[in-house]
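# Observations on the model geometry
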Amino acid sequence: MALLKRINNRARTDENTGFGTNSNLYGGRFFNKNGTPDLHKTGIPWLERNSWYHTLLQMNRWQFLLTIFATYVIINLFFAIVYLIVGIDKLAGMTVTTPLEKFGEAFFFSAQTFTTVGYGRLSPTGFLMSFISSTEALTGLLSFALATGLLYGRFSRPQAFLKFSEQALVSPYKETIAVMFRMTPYKNNHLTEAEVKVNLALMVDVDGKMTNRFFPLKLELDKVNAMTLSWTIVHAVDADSPFYGLSKEDLVAGRAEMLVFLKAFDDTFSNTVVARSSYTANELVFGAKFSPMYHRDDHRGKTVLEIDKLHDHAPADISFTAMMKV
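It should be emphasised that the depicted structure is a prediction, and the values quoted were computed from it without experimental measurement.

## Details of the overall build of the chain
- Along the chain, the regular secondary structure elements total six helices and 16 strands.
- For the chain, the residues scored as buried account for 40% of the 326 residues in total.
- Long-range pairs, those at least 24 residues apart, make up 72% of the contacts in the chain with a sequence separation of at least 6.
- For the chain, the accessible area works out to roughly 19,000 Å², and carbon and sulfur atoms hold 58% of it.

## Re the environment of Phe290
- Structurally, Phe290 is set in strand β13 (residues 288-290).
- Here the alpha-carbon distance between Phe290 and Pro315, two residues 25 residues apart in the chain, equals 8.8 Å.
- Residues contacting Phe290, with those up to four places away along its chain left out, are Ser165, Gln167, Leu169, Met180, Phe181, Arg182, Thr232, Leu310, Asp312 and His313.

## A few points about helix α3 (residues 61-86)
- Compared with an ideal rise of 1.5 Å per residue, which puts 26 residues at 38 Å, α3 spans 38 Å between its outermost C-alpha atoms and is within 8% of the ideal.
- The complete set of buried residues in α3 reads Phe64, Ile75, Asn76, Phe79, Ala80, Val82 and Tyr83.
- As for α3, its buried residues are in contact with α2 (52-58), α4 (99-114) and α5 (127-156).
- Capping of α3 at its N-terminal end is provided by Asn60; its side-chain oxygen lies 3.2 Å from the backbone amide nitrogen of Trp62.
- Positive backbone phi, approximately 130°, marks Gly87, located one or two places after α3.

## Focus: the pairing of strand β15 (residues 302-305)
- Strand direction decides the pairing type here: strand β14 (residues 294-297) and β15, joined by four bridges, are antiparallel. Counterpart to His295 in the pairing with β15 is Val304.
- In this structure, the hairpin formed by β14 and β15 is closed by a connection of four residues, where Gly301 is found at a positive phi of approximately 70°.

## Focus on the packing of α4 against α5
- Contact geometry of α4 with α5 gives a least axis separation of 8 Å together with a crossing angle of 55°. With respect to α5, the element α4 is oriented oblique. Facing Phe109, Ser110, Thr113 and Phe114 of α4, the residues of α5 in contact are Ser133, Glu136, Ala137, Thr139, Gly140, Leu141, Ser143 and Phe144.

## Considering the packing of α3 against α4
- Across the interface, α3 lies against α4 with an axial gap of 8 Å and an inter-helix angle of 120°. On the basis of the axis angle, α3 is oblique to α4. Helix-helix and strand crossings are classified by hand; for α3 and α4 the assignment is right-handed. In this structure, α3 uses Tyr72, Val73, Ile75, Asn76, Leu77, Phe79, Ala80, Tyr83 and Leu84 to contact α4, whose residues at the interface are Lys102, Phe103, Ala106, Phe107, Phe109, Ser110, Ala111, Thr113 and Phe114.
- Class assignment of the residues belonging to the contact of α3 with α4 gives a composition of 14 nonpolar, three polar and one charged.

## Re α5
- Given a rise of 1.5 Å per residue, 30 residues ought to cover 44 Å, and the 43 Å separating the end C-alpha atoms of α5 matches this to within 8%.
- Residues of α5 that are buried: Met129, Ile132, Ser133, Glu136, Gly140, Ala147, Leu150, Gly153 and Arg154.
- At its buried positions, α5 is contacted by α2, α3, β1 (91-92), α4 and β2 (123-124).

## A look at unusual backbone geometry
- A positive phi angle is found at Phe161, which is not glycine, with a value near 50°.
- Among the secondary structure elements, Phe161 is positioned in the loop between α5 and β3 (162-164).
- Positive phi, close to 50°, is recorded for Glu193, a residue that is not glycine.

Rules behind the numbers
Residues numbered from 1 in each chain as written. Predicted model: local features only at pLDDT ≥ 70, side-chain atom pairs only at ≥ 80, totals over all residues. Heavy atoms only, no water. Helix = DSSP H or I, 4+ residues; strand = E, 2+ residues; numbered from the N terminus. Buried < 20%, exposed > 50% of the residue type's maximum accessible area, 1.4 Å probe, protein only. Contact = heavy atoms within 4.5 Å. Areas by Shrake-Rupley, 256 points an atom, 1.4 Å probe, with all protein chains shown as cover. Expected span 1.5 Å × (residues − 1). Polar contact = N/O pair within 3.5 Å; in protein donor to acceptor, adjacent residues only side chain to side chain. Pairing = 2+ DSSP bridges. Axes fitted to C-alpha atoms, helices over the stretch in contact; angles between N-to-C directions. Parallel < 35°, antiparallel > 145°, perpendicular 65-115°, else oblique. Left-handed = near helix turned anticlockwise from the far one by under 90°. Nonpolar A, V, L, I, M, F, W, Y, C, P; charged D, E, K, R; others polar.

Shown next as C-alpha cells:
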C-alpha cells in the first residue's frame, strides 16, 4: 500500500465528483457499465423512491411493450370479473351459456369498452352495468393517453446512443505507455462538440485510513468537433499521472475505477446529451492495442465503420515498464 499512500501527495485530486470519501461505506463500483449508479436506496417506501415515468422511459423496448400489454390484459381481466360478479345477464345480446364462454364474452366486451370500439352486439343494461362500463371507458381513454405520452417520450427523448469498449487497454504510446478506451456512436444521430472527462477513483492511505480519492486524468484529446467514427480516449502515463508506478495488483487492491463522463450536442434535437461508463481495475488489459474498426470502401467511395469490432484488440509489446509495472 506504500505506492497508494504516495499517490495522494503526487497527483491532483478532484473534490467535485459527488461521491463520498469514506471507502468503507461503498460496497462496489461507482457506476455500472451502462452508466447507471451502482446504488440501492432504502429508508423510503418502494413506491415513493421510484419514478414510474423515468422507469418506463429508461427500460428497454421489449420490457416496455410487455409492460403495456400486461397492463392492458390485467385491466380487462379485472373488469371482466366485475361484469361476471354483477351478472352477465345485464349485457343485452348475450347468448352463451357455459361459464367459460361467459368469461370470454365478458373479457372481450371489456376490451371493446376499454378501447371504445363498441361493436354493438353486446350492450349494458341497467344503471350499475352502465356505470361500470362507462367507468371502464374513461379508464381506457386515460390509459391510452398515458401510453401515447410515454411512446412519444421514448421516441423524442434525446440520447447519446454511444457504445463503449468493454475493456480499457494499457498500450504502447509514443515513448511511454497509455491507458485508453474507445467509444463510437451506433445510430444515425449526429453528435457535435463532444467533450469527455475521466476521473480515476482510488482508495489511498491517508493517515492510516483508507479514503476514496478522485484524480482527474489528463487526456490526449478531451474535445472533438464531431463524432462520426470511433473516438479513442488516451491518457498518457507520465510522472504526473496517478497511474505512475502502479501495477495491476496495486490498482486491484486500491479498487481503482475510471469514471467516464461525456456530453455532446445532438443537432437533430438541438439538445445536449450525456453518457457515462466506468472501467474497474479488473477490466484493464495490459499489453494490448485496439484493432482498426473502420476502413475505406473503394467500390462505394465511403468509409466503413465496423461497430462490431469496437471491443477487438490484439497483443502489444510493452517494453516501457519504468512507467507502470506490468
